[in-house]
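Listed below are the residues making up each chain.
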Amino acid sequence: MKKNLLQLGIGFCLGLIFLFSSPVLADPAYNIDRYQVKVALQSDGSAILTQKITYNFLDEAHGVYYDQALDGQQQLDDISIAVKQNGQTTHLAAKSSGANDTYQTTMRSKLVRLKVFHAVDSGLVTFIYRYHINHVVTNWRDTAEMNWKIIGSKWDVALHHVRIVIVLPQKNVRQLQAWTHSQTNGSTQVERRQGKVVITTAQNPANSFIESRLLFPTEVTANNPLAKKQKRKQQVQQQEAKWAQEANLQRRQARRAKRLRLSLIWGTVGLLFAVSLLFFVVDRPVKVKWPRHGQSLPHSFALPNQPAAVVQAILTNAHPDTKALGAALLELAAQKQVHLLTKNQKKHFGHSQTDLQVDLLDPAILNVPIWQALFAVAGNGKSFTFSGLKKVGSSNQKSKKLNRAFIKWQKQVQQQAQQQHYLNAQIKQALKYHLLLTLLTIGVALVGGALIGNLTGWLIGGGFSLLQLLIHIGFRRTHCPYTASGAQLVEQLRGFKKMLKEIGRFDLKQVGELVLWENVMPYAVAFGIAPQVAQVLAASFDEQTLTNDVFLYYPLFINNPDFDFGTTFSNSFSTGSMVSSNGSSGGFSG
């Protein structure tokens, strides 16, 4: 139930992020770093269009293509294409061969595709398109009008640093008017003396267009064959005024909605922060120091009173893993309840690999489901081998049976660990609740910062997150989840584990008798450091002493440093469900 609450809190934070953020798509193979367009209107109402599109290729590419939409009786001609890369400009030839540094033109109804062949590994490349399009301007009775989507909505990536310059064939056009339609913020500058309009935006979102609409006197395009007798100017002005009012209303509504969302989010942040701070100030439990760890932790040479699997469960505050099961098997061998026999198993190309045979000596251990399952499912009821155990992994039914028995064993060991009364359940619960509050506060604060959408917002969100994190660290320091005896036990077990990890620093003959090290090996297996411990033993004792009947499983590790109980058990239990050789459930440290 407690773990579910923690998972619910994490899920809530992620849900808020997805709810209030734009969807993030997978990165394409390129970005558009710069998009520059020059539209040179002609006196006949046509236009010479020059586009400089700078691609930032993230991987190798063989070329690009560009589609130019056409409207009505429009036609495209006088095409030239160039590529600028590393400061050098290459003019491409129109060829149907598809050779490098050539291009092809495909005419379709209302569309011209320009396919450019230019191989590139990665990096910046600018493609320069220049062509002529007719019927861009319509001459009405009272005005000339250009209404054109200069950038279409088919781009799958955002366009950065967009600049569109529309140049009229005359200067000093006093009655020049311009409107821009797009889904992004930008600027439209009308320079009547220069006879041009400049449209800029830092970024145009993917799959969105930029449309420009111009009105100017008909004498500017006096030679335009596309002429109509109706009046148009007042209709366009009224239409644009209406659209401007609607756009302004939408912007005001969007701002109000954003303010409401921000108020809700930051109100939630404030409430969560206040609860967390109150929790920190008011809740003052009996002080128990956290167990030492790291350099300050002294080595412990005292053999734990608990089995190796229970020790692992205490130190990780989690269910024991398959390494701990291997340690439990070694403890049975030390207690003469099973006998371990190593055998060389021949493989291909003359290589051999050690196999381990486990013989049953004491039938009483079959009352434990995991041992009963191993001998019955992986063996003949009286013995089993690790090579036979590996084959069980390919059988879904047998593997599931072993896994069910393993889960029962995990729960039994966890119960034994809890019987040590090393945890203060009330403080442990308080830590989980405070962690949940911290995750919620940080998650909501970061969402609020993202919604503000600028550096100030990120600084505010990051500041609240950092402050909340510091409060949680302070809460943890004053709320040790161990009982007084539990903290002492955990520190002793950590010291014992540290001693095994640093075993090479000691003179083992002075530390203890060899029979002690036989009892230590199961703990080394549970900690995943058995081969290292065996190597140190080999350097400290002679071969005859190590291989006598007292230290019965020494050869298994010293002759086979890659032998791993955990991996073998995991592979045999994993069919049908997930089993980890590194433990399960969540823990804490300190």
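Throughout what follows, the structure given in this document is the object of discussion.

Thresholds applied
- Residues numbered from 1 in each chain as written.
- Predicted model: local features only at pLDDT ≥ 70, side-chain atom pairs only at ≥ 80, totals over all residues.
- Heavy atoms only, no water.
- Helix = DSSP H or I, 4+ residues; strand = E, 2+ residues; numbered from the N terminus.
- Buried < 20%, exposed > 50% of the residue type's maximum accessible area, 1.4 Å probe, protein only.
- Contact = heavy atoms within 4.5 Å.
- Areas by Shrake-Rupley, 256 points an atom, 1.4 Å probe, with all protein chains shown as cover.
- Core = buried A, V, L, I, M, F, W, Y, C linked by side-chain atoms within 4.5 Å.
- Pairing = 2+ DSSP bridges.
- Axes fitted to C-alpha atoms, helices over the stretch in contact; angles between N-to-C directions.

Moving on, we get to the overall build of the protein chain. From N to C terminus, the protein chain includes 16 helices and 19 strands. Counting every position in the protein chain, which comprises 590 residues, the buried fraction comes to 43%. Restricting the contact set of the protein chain to residue pairs at least 6 apart, pairs at least 24 apart contribute 74%. Surface summary for the protein chain: the accessible area is close to 31600 Å², and the carbon and sulfur share equals 52%.

Among soluble globular proteins, nonpolar side chains are generally buried collectively. Membership of the largest hydrophobic core comes to 64 residues, with the highest contact counts inside it found for V338, V358, W371, W409 and L500. No other element matches helix α4 (residues 322-334), which puts eight residues into this core. Look past the residues within four positions of V358 in its chain and what remains in contact with it is L329, V338, H339, L340, F375, K382, S383, F384 and F386. Grouped together as the second largest cluster of nonpolar side chains are 51 residues, V64, L70, V120 and I150 included.

Moving on, we come to the sheet that holds strand β7 (residues 102-108). The four strands are arranged β3-β8-β7-β6 in an open sheet whose pairing can be described as mixed. Strands with a single pairing partner mark the edges of an open sheet, and in this sheet they are β3 (61-69) and β6 (93-94). In terms of strand pairing, β6 meets β7 through two bridges, oriented parallel. Pairing of A93 across the sheet is with T102, part of β7.

All right, on to the sheet that holds strand β13 (residues 177-182) then. Taken in spatial order, the four strands line up as β10-β11-β16-β13 in an open sheet, and their pairing is antiparallel. Single-partner strands in this sheet number two, and they are β10 (137-139) and β13. In this sheet, adjacent strand axes meet at a mean angle of 15° when their direction is disregarded. Across six bridges, β13 lies against strand β16 (residues 210-216) in antiparallel orientation. Along β16, the bridge assignment pairs S182 with I210.

Outside of glycine, negative phi angles account for most residues, and trans bonds account for most peptide bonds. Residues other than glycine seldom take positive phi values, yet D78 does so here, at roughly 55°. Residue position: D78 is located in strand β4 (residues 76-85). In this model, N86 sits at a positive phi of 55°, which is unusual for a non-glycine residue.

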